[in-house]
Amino acid sequence: MSQEFPRHAAAEITVTGNGELEDSSEHIFNRDMKHSIPPGLNMSETHMTSSNYGSSSEGIIEAGPYQVDFKEESQSGPVVLAEEAKNPAIEKLELVRKWSVNTYKCTRQILSEKLGRGSRTVDLELEAQIEVLRDNKRKYENVLRLAQTLATQLHQMVLTQRQLGDAFTDLSMKSPELHEEFGYNAETQKLLAKNGETLLGAINFFISSVNTLVNKTIEDTLVTVKQYENARIEYDAYRTDLEELNLGPRDANTLPKIEQSQQLFQMHKEKYDKMRSNVSVKLKFLEENKVKVLHNQLVLFHNAVAAYYAGNQQQLEQTLKQFHIKLKIPGSDGMSFLEQQ
């Protein structure tokens, strides 16, 4: 006994004469299947066997259970993360490798030059200027040390003169019979101390300016010189490497190495030329600035010392005003007890 079952709209599929689904029916079928299949299932797992036209399975849809390919998903996730975590490590290894190769080439070049086996690029004019600069820096540092020693000794002398002046003043008040004699000496020592403080202010200003010139301006130029010398060593190292490759055989194995060496040589040559230009410019500006600074400071030092030992207090004070120097002597801000009376 046959029994009719109610048919769902999704089961009514129109098949053409060639065994192919009609476009409109296929569209309706796919739409209904998306609504009827539970969430999480993939339509790609539903197969339709309509290729064998005339067979018993014509127009039948096999909707098997959805099987999730956990293996594929589990592999795809970690692989992407491994790639992301791997890239920085590879980049660091590549940087270390390049640094190691560059350090090896430069070390070999330095040893070859010291042993007299390797050649080096020399800019005679620039090298002479650099040597003069280094020699001048050593001499300026010596002047700076001597000026600091002079300032320390002068400071101690000024403190001693102030104390001696205070002692004479005290004795002048307590010794009526020698009041005038102690008084003269007290005024002289105080005047010497005051002039000494003025001279000390000029010397300290001289020290500060020379210190800035030597330990900042000249030192900054020497840092650029050091970078230039490093660039020169790298340039010579890669130049020597290229020359050795050019002397060897040229075949399929060596030509790529020669081409790569040529590119590295050109890159370091451009870097060397740039650093040489930077050093030349800095040396030129340094020379102009050095002459200007030292001219002013030497005039200040001469005028202050000459006025001090000539006892010309007015000229000494005028010298400080000319260079806009304000006196600030450590330990001499407050007046003594006798001066406050």
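The structure under discussion appears in the preceding block.
The model shown is predicted, which means the values in this text are computed figures rather than measured ones. (Residues numbered from 1 in each chain as written. Predicted model: local features only at pLDDT ≥ 70, side-chain atom pairs only at ≥ 80, totals over all residues. Heavy atoms only, no water.)

**Q** Looking at this model, I keep getting lost on the layout of surface pockets. Mind explaining?
**A** One way to see where empty space is left: roll a probe the size of a water molecule over the atoms. When its volume is computed, the largest pocket comes out at roughly 410 Å³. Around the largest pocket, the lining comprises 15 residues; the ones closest to its centre are V101, K105, Y238, Q260 and L264. Mapped by element, the contributors of at least two residues to the lining of the largest pocket are α2 (70-114), α4 (179-247) and α5 (254-309). For the lining of the largest pocket, the class distribution of residues is six nonpolar, four polar and five charged. By volume, the second largest pocket amounts to about 160 Å³. As for the second largest pocket, its lining consists of Q129, V132, L133, N136, L283, L286, E287 and K290. At the level of elements, α3 (124-174) and α5 are the ones that each hand at least two residues to the lining of the second largest pocket. (1 Å grid on protein atoms, 1.4 Å probe; cavity = no way out; pocket = protein on both sides within 12 Å on 5 of 7 lines; lining within 4 Å. Points joined across faces, edges and corners; volume = space filled by probe spheres on them. Helix = DSSP H or I, 4+ residues; strand = E, 2+ residues; numbered from the N terminus. Nonpolar A, V, L, I, M, F, W, Y, C, P; charged D, E, K, R; others polar.)

**Q** Honestly, the packing of aromatic side chains in this entry has me stumped. Any pointers?
**A** The geometry of two aromatic rings is summed up by the distance between their centres and the angle between their planes. Using the criterion set out here, one finds six aromatic pairs in the structure. With 6.1 Å between their ring centres and 35° between their planes, F168 and F182 make a pair best called tilted. Pair noted here: F168 is in helix α3 and F182 is in helix α4, with a separation of 14 residues, a long-range link. When its relative accessible area of 18% is taken as the criterion, F182 is described as buried. With a centroid separation of 5.7 Å and an interplanar angle of 25°, the aromatic rings of Y228 and Y272 are classed as stacked. In this pair, Y228 sits in helix α4 while Y272 sits in helix α5, placing the two residues 44 residues apart along the sequence. Each residue in the set Y228, Y235, F265 and Y272 is aromatic and connected to the rest through ring pairs, giving one cluster. (Phe/Tyr/Trp six-rings, centres within 6.5 Å; stacked < 30°, edge-to-face > 60°. Buried < 20%, exposed > 50% of the residue type's maximum accessible area, 1.4 Å probe, protein only.)

**Q** Help me understand the packing of α4 against α5 in this model?
**A** Two packed helices can be described by the angle between their axes and the distance between those axes. Two elements in contact, α4 and α5, have axes whose closest approach is 8 Å; the angle formed by their N-to-C orientations is 165°. In terms of orientation, α4 lies roughly antiparallel with respect to α5. Where α4 crosses over α5, the handedness of that crossing is left-handed. Partitioned by chemical class, the residues of the contact of α4 with α5 number 31 nonpolar, 14 polar and 11 charged. (Axes fitted to C-alpha atoms, helices over the stretch in contact; angles between N-to-C directions. Parallel < 35°, antiparallel > 145°, perpendicular 65-115°, else oblique. Left-handed = near helix turned anticlockwise from the far one by under 90°.)

**Q** In this structure, what is going on with helix α6 (residues 313-322)? I would like to understand it.
**A** Quick reminder: α-helices carry 3.6 residues per turn. Residues three or four places apart thus point the same way. For α6, the full list of buried residues reads L316, T319 and L320. Along α6, the residues classed as buried sweep out an arc of 95° about the axis, all on the same side. Facing away from the buried surface of α6 by more than 90 degrees, the exposed residues are Q314 and K321. Tucked inside the fold, the buried residues of α6 contact α4 and α5. Positive backbone phi, at 55°, marks H324, one or two positions downstream of α6. (Arc of directions from axis to C-beta. Contact = heavy atoms within 4.5 Å.)

**Q** Honestly, the pattern of salt bridges in this entry has me stumped. Any pointers?
**A** Between side chains of opposite charge, a pair can form when the charged atoms approach closely. Across all of its chains, the model carries 20 salt bridges by this definition. A salt bridge links E113 to R232, with the nearest nitrogen and oxygen atoms 2.6 Å apart. Of this pair, E113 sits in helix α2 while R232 sits in helix α4, placing them 119 residues apart in sequence. Here R232 falls in the buried class, since its relative accessible area comes to 6%. In this structure, E197 engages R162 in a salt bridge whose closest nitrogen and oxygen atoms are separated by 3.0 Å. Here R162 lies in helix α3 and E197 lies in helix α4, a separation of 35 residues in the sequence. The exposure class of E197 is buried, given its relative accessible area of 12%. One salt-bridge network, held together by shared partners, links E113, R120, R232, D236, R239 and E243. (Salt bridge = Lys/Arg side-chain N within 4 Å of Asp/Glu carboxyl O.)

**Q** Would you mind showing me how to read the nonpolar core here?
**A** Side chains that are nonpolar tend, in soluble globular proteins, to be buried together. Ranked by internal contacts, the top residues of the largest apolar core, which has 42 residues, are I130, L154, I207, I218, Y228 and V279. When contributions to this core are tallied by element, the ones reaching two or more residues are α3, α4, α5 and α6. With 17 residues, α4 is the single largest residue contributor to this core. When neighbours within four sequence positions are excluded, I130 is seen to be in contact with V225, Y228, V279 and L283. (Core = buried A, V, L, I, M, F, W, Y, C linked by side-chain atoms within 4.5 Å.)

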